[in-house]
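Now for the letters of each chain:
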Amino acid sequence: MLHFKQYCYSTFFKFFVIIMYFVSVSNAFAQTDSLADKSYDELTKLYVKSINTQPSHALVYITKAHEVALKEKNKKNIAKTMYGIAFSNYTLANNSQALESVEKSILLFESADKRNNTLLFQAHNLKGALLTDLRQNSSALNAHLKAKAYAKKANNIRNEILASTNIAFIKKDHKDFKDAIRIFKENLETLENATKPIAKKLSYQLFQYANISEAYLRMGEMTSENYLKEAKYYNELGLQKCPKDDITSYSYLLINKIVILHEEGKYEESIALVKKTELLAIDTKDENLLCAVYFYAGKSYAKLNKYETALDFLEKANAIILTSEKKYHIERLLKKELSIVYTAIGNIEKGQEYFEKYVSLVEKETEEDIKVIKEVYIKNDIAELREELNKLSERMASETLQKQQLYVVLGILIVLLIISIFWYRNKVKQVKKRIENALQKANELEKTGIPQVANSSSISEKVTDAKAALLLQKLQKFEEEKMYLLPDCSLSFVAEQLDSNTSYVSNVINNYKNKTFKTYISELRINTALVQLKNDEKLRSYTIKAIAEEFGFKRQETFSKAFKTQTGIHPSQYLKKLRKDLETI
């Protein structure tokens, strides 16, 4: 029997592909010609009928419908067909083209005389899904937050749940597992207590079960705790309720079961389920599912010491990742497993190559999300790899011909390990020092009574310009009344409060405070935050977003950036230290 890869390179297969290409091209031209006389309504009906089964045909129909809408100059239909083009490309995994089209559709929907909240929800939701696939999670989160806002405006509970699920999915992707699980469970409760009928209610429930289970599994991977019991409980609930015709939910739950069996040490059972799920993935052309199937098949075969078979499956998973526009959260784990398996079969050079890729991915993830830099995560991940490599070194010690190569690679790995440990410890020391500096600054500011950037009265005494001195005294009163905490505290607002003009206020602050107006207001706010967060336990329980609003910042990102610029640390790190100190009292 021919292996699939061998079959793909056979003469017959190549001939077949060429014939099919010419047939498809001919059909495409013939199909386009046959659509020339069809109306907009006829074309959109064909699109709806084919989008789930023949997305490539659906793209042809909706593109033609878009051309008709342009000719008719119907703005609403132009926007709707642009969204349809985006959705078709998304279904076909043409993510870049889909993103370009959906952004155009959003602009068209937003410029409409009467906005349709449901259409705007759908467009932002699709944009979020595309950005998530492209691992642009910060932008994806913004898109899903906008989608949720439009769902609320439309009073659509189902769409609100969908948006919340997508937000939780991003949180899970950023390793904020506990909060993600909380949102998924809240969605379950909302679905179960809903008084009005919700379309596809069961599908949404199954998606929550699957996500909760996966979040518990990944949380177990990131920490030393075992969440298998919780993961298994929710996954079994999902499998019991899942109808066999709901392929998407069923596939997701099957993958979780494969992982659970593997983590329980039931490698043979996990592999048996892999074979069943592989056929499902191939039949549905689901590359996400297929990639996960191949990865866990390789991982289980490696545990059974069947390294050649393991390598075959792992390389299949790697090939999918390398040729896809999407990003996969298992990529880091895949590089790690490839490093172990290649080393196990004696290919030290290849093992080292994948180990370096693994280390590079760890560093990249650390840079992308500060939450990833947690001691338990770094120590657990690297410790696991070192343990695996130590076991391999013991097993291969008896193989005389490979001893020298093994010692070399182990030496390199140990050096890399030591470097990474020193780097991490140094990073932790730096953060601790900055946190202590921030606390010290908070104490100093607390003693002065007002967290201000400079003593205005002392400055005004030295100022010879009477007008400037008067303005500085007014600024001192402005600081004492903490008007800088107002969210709309702009230069024009301050100038109005001080009975002056923007140019003069800006000039005085520049000359006598030695900083720009923006820096001046930002430092006042952060200084106040340092003191109040230290003393107010209730305030410390707020989310970062709520804390930002409390101190006049309209956006969480602006607050975090200003806090980091002034103190050298993130607000979350300062809060963590304050909470820890409170616990030790």
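J.: I would appreciate a short explanation of the environment of Ala281 in the present structure.
T.: Mapped onto the secondary structure, Ala281 falls in helix α14 (residues 267-284). Classification of Ala281 by relative accessible area gives buried; the value is 1%. For the pair Ala281 and Thr248, spaced 33 residues apart in sequence, the C-alpha to C-alpha distance is 9.9 Å. Among all residues touching Ala281, those that are not within four sequence positions of it are Asp286, Leu289 and Leu290.

J.: Which parts of the structure should I look at to understand the confidence of the model for the chain?
T.: As a general rule, the predicted coordinates of low-pLDDT regions are not to be interpreted in detail. Per-residue confidence for the chain gives a mean pLDDT of 80; residues scoring 70 or more make up 84%. Segment residues 370-385 is flagged for pLDDT under 50; beyond a separation of four residues in sequence, or across chains, it makes 33 contacts in the model. Here residues 454-458 scores under 50 on pLDDT; set against residues more than four positions off or in separate chains, the count is 8 contacts.

J.: Just checking my understanding: could you explain a nonpolar patch on the surface for this structure?
T.: Taken together, Ile414, Ile418 and Phe422 make up a surface patch of nonpolar side chains, about 310 Å² in accessible area. Within the fold, Ile418 resides in helix α20 (residues 403-448). Note on Ile418: relative accessible area 41%, which makes it partly exposed.

J.: Is there a simple way to explain the side chain of Ser522 in this structure?
T.: Within the secondary structure layout, Ser522 lies in helix α25 (residues 517-535). Look past the residues within four positions of Ser522 in its chain and what remains in contact with it is Phe553, Ala562 and Gln566.

J.: Is there a simple way to explain the pattern of salt bridges in this structure?
T.: One pass over the full model with this rule turns up 16 salt bridges. Lys127 is the partner of Glu103 in a salt bridge, and the nearest nitrogen-oxygen pair spans 3.8 Å. Pair noted here: Glu103 is in helix α6 (residues 95-110) and Lys127 is in helix α7 (residues 117-133), with a separation of 24 residues, a long-range link. Look at Lys127 and you get partly exposed, because its relative accessible area is 21%. In this structure, Arg182 engages Glu186 in a salt bridge whose closest nitrogen and oxygen atoms are separated by 2.9 Å. Of this pair, Arg182 and Glu186 both sit in helix α10 (residues 177-193), separated by 4 residues, roughly a single helical turn. For Arg182, a relative accessible area of 38% gives the class partly exposed. Beyond isolated ion pairs, a larger network of salt bridges with shared partners links Asp179, Arg182 and Glu186.

J.: Would you mind going over a negative patch on the surface with me for this structure?
T.: There is a patch of like negative charges on the surface, built from Asp536, Glu537, Glu549 and Glu550. Tracing the backbone shows Glu550 in helix α27 (residues 544-550).

J.: Which parts of the structure should I look at to understand the nonpolar core?
T.: Note that soluble globular proteins tend to have their nonpolar side chains buried in a common cluster. Ile212, Tyr216, Cys291, Tyr294, Phe295, Leu334 and Leu338 are the most contacted members of the largest nonpolar core, which has 64 residues in total. Going through the elements one at a time, α10, α11 (201-222), α12 (228-241), α13 (247-263), α14, α15 (287-303), α16 (307-323) and α17 (331-344) are the ones with two or more residues in this core. Setting aside chain neighbours within four positions, we find Leu334 in contact with Phe295, Leu314, Ala317, Asn318 and Ile321. Core analysis: the second largest hydrophobic core is formed by 43 residues, Val505, Phe517, Phe559 and Leu575 among them.

Rules used throughout
- Residues numbered from 1 in each chain as written.
- Predicted model: local features only at pLDDT ≥ 70, side-chain atom pairs only at ≥ 80, totals over all residues.
- Heavy atoms only, no water.
- Helix = DSSP H or I, 4+ residues; strand = E, 2+ residues; numbered from the N terminus.
- Buried < 20%, exposed > 50% of the residue type's maximum accessible area, 1.4 Å probe, protein only.
- Contact = heavy atoms within 4.5 Å.
- pLDDT = per-residue confidence, 0-100.
- Patch = residues over 30% accessible without salt bridge, like charges linked within 9 Å, V, L, I, M, F, W, Y side chains within 5 Å.
- Areas by Shrake-Rupley, 256 points an atom, 1.4 Å probe, with all protein chains shown as cover.
- Salt bridge = Lys/Arg side-chain N within 4 Å of Asp/Glu carboxyl O.
- Lys, Arg positive; Asp, Glu negative; His and termini not counted.
- Charge placed at Lys NZ, Arg CZ, Asp CG, Glu CD.
- Core = buried A, V, L, I, M, F, W, Y, C linked by side-chain atoms within 4.5 Å.

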